[in-house]
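# Remarks on the overall topology
One letter stands for each residue in the lines below.
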Amino acid sequence: MQKLVTIYLDNMAYEGTTMFKGHANKHGVAEEHLKDELAEGWWIVSMHGFGGSSEGYSARGWLAVVLEKND
């Protein structure tokens, strides 16, 4: 079985200037987005990033991750 997981990344979210406001206290913190899935036996088959620079000083984009698990 496979599933596609997308993860939105936006460094401006930590400043509270985008739609994901109020995360300034997490600036510089490593986030574990797939921790639960990996603990449940899923593994990463592929990962692709898309997006990039916005407004010349910020980074925004998505990770598209294909996970697989034997059932």
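Presented here is a report on the structure given in the accompanying data block. In this text the structure is predicted, and so the values were computed from the model without any measurement.

Scoring rules and cut-offs
- Residues numbered from 1 in each chain as written.
- Predicted model: local features only at pLDDT ≥ 70, side-chain atom pairs only at ≥ 80, totals over all residues.
- Heavy atoms only, no water.
- Helix = DSSP H or I, 4+ residues; strand = E, 2+ residues; numbered from the N terminus.
- Buried < 20%, exposed > 50% of the residue type's maximum accessible area, 1.4 Å probe, protein only.
- Lys, Arg positive; Asp, Glu negative; His and termini not counted.
- Salt bridge = Lys/Arg side-chain N within 4 Å of Asp/Glu carboxyl O.
- Contact = heavy atoms within 4.5 Å.
- Phe/Tyr/Trp six-rings, centres within 6.5 Å; stacked < 30°, edge-to-face > 60°.
- Lys NZ or Arg CZ within 6 Å of the ring centre and 35° of its normal.

### Thoughts on the side chain of Lys69
- Within the secondary structure layout, Lys69 lies in the segment after β3 (58-68).
- No salt bridge is formed by the buried Lys69, whose closest oppositely charged neighbour, Asp71, lies at an N-O distance of 4.5 Å.
- Discounting chain neighbours no more than four positions away, the residues touching Lys69 are Met1, Glu40, Gly41, Trp42 and Trp43.

### Section: the packing of aromatic side chains
- This structure, assessed with the given rule, holds one aromatic pair.
- A centroid spacing of 4.9 Å and a plane angle of 50 degrees characterise the contact between Tyr8 and Trp62, whose relative ring orientation is tilted. Here Tyr8 is found in strand β1 (residues 2-10), whereas its partner Trp62 is found in strand β3, with 54 residues between them in sequence.
- One cation-aromatic arrangement involves Lys3 over Trp42; the distance from NZ or CZ to the ring centre is 4.6 Å.

None of the figures reported here should be taken as evidence of function without further support.
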